[in-house]
Amino acid sequence: MFHTFTVKTHSRDEMIEITREVQQWISSQSFKNGIAVVSSKHTTAGITVNENADPDVKTDFLRRLDEVFPWDHPKDRHMEGNTASHMKVSTVGHAQMIPVQHGELVLGTWQGIYFCEFDGPRSRQYTVTLISS
């Protein structure tokens, strides 16, 4: 089972929680046990699992990535000028595998799935592939 989702981002760097949307689609598929692979279809946007209780985690996360990969670096040569976004995705990853048990994503109490925009705002896509166990 496979589905493509569209997400609209509003900032250059942004983390959008997609847990509920992914869970609702899994539930609609009557999928019981296996793995959900959540994957960004972009080289400048990734997927991560992180805390979803305190919004300051997202703020800190994005700030720290900016500190490691500043947007303007005098030695960057990529002509589009978005080298930082490529570096961030390579660090965060473009996909995550999340177990599914009894039709529910197996996440910890404070965990959520995030679409990570690093070169927005844009209209983006991510996919969810379900693999039965």
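These numbers come from a predicted model, not from an experiment.

*Asks:* Before we go on, may I ask you to explain the overall build of the chain in this structure?
*Replies:* Summing up its helical and strand segments, the chain has three helices and eight strands in all. In terms of overall size, the chain behaves like a compact globule, its C-alpha atoms giving a radius of gyration of 15 Å where 133 residues would be expected to give roughly 14 Å. Considering only C-alpha atoms, the chain reaches an extent of 50 × 30 × 25 Å along its principal axes. Across the 133 residues of the chain, 41% fall into the buried class. Counting only contacts in the chain whose residues sit at least 6 apart along the sequence, the fraction spanning at least 24 positions is 84%. Accessible surface, the chain as shown: approximately 7,600 Å² in total, 51% of it carbon and sulfur. Of the charged side chains in the chain, 13 are positive and 16 negative, and the gap between their average positions amounts to 5 Å.

*Asks:* When you look at the sheet that holds strand E7 (residues 111-117) in this model, what are you seeing that I'm missing?
*Replies:* The pairing of strands in a sheet happens through backbone hydrogen bonds and is either parallel or antiparallel. What the three strands build is an open sheet, ordered E2-E7-E4; its pairing is antiparallel. The open sheet is flanked by strand E2 (14-17) and strand E4 (45-51), the only strands paired with a single partner. For this sheet the average axis-to-axis angle between neighbouring strands, irrespective of direction, equals 35°. The pairing of E2 with E7 spans four bridges and is antiparallel. Paired with Glu17 across the bridge in E7 is Tyr114.

*Asks:* How should I be thinking about the pairing of strand E5 (residues 95-101) in this particular structure?
*Replies:* On a regular strand, each side chain points to the face opposite its neighbour's, so the side chains alternate between the two faces of the sheet. Of the strand pairs in this sheet, strand E3 (residues 34-40) and E5 are connected by six bridges, and their pairing is antiparallel. Residue pairing across strands places Ile35 opposite Pro99, the latter belonging to E5. Pairing geometry for E5 and strand E6 (residues 104-105), over two bridges, is antiparallel. Pairing of Val100 across the sheet is with Leu105, part of E6. Hairpin connection of E5 to E6: two residues between the antiparallel strands, including His102 at a positive phi of 55°.

Rules used throughout
Residues numbered from 1 in each chain as written. Predicted model: local features only at pLDDT ≥ 70, side-chain atom pairs only at ≥ 80, totals over all residues. Heavy atoms only, no water. Helix = DSSP H or I, 4+ residues; strand = E, 2+ residues; numbered from the N terminus. Rg over C-alpha atoms; globule rule 2.2 N^0.38 Å. Buried < 20%, exposed > 50% of the residue type's maximum accessible area, 1.4 Å probe, protein only. Contact = heavy atoms within 4.5 Å. Areas by Shrake-Rupley, 256 points an atom, 1.4 Å probe, with all protein chains shown as cover. Lys, Arg positive; Asp, Glu negative; His and termini not counted. Charge placed at Lys NZ, Arg CZ, Asp CG, Glu CD. Pairing = 2+ DSSP bridges. Axes fitted to C-alpha atoms, helices over the stretch in contact; angles between N-to-C directions.

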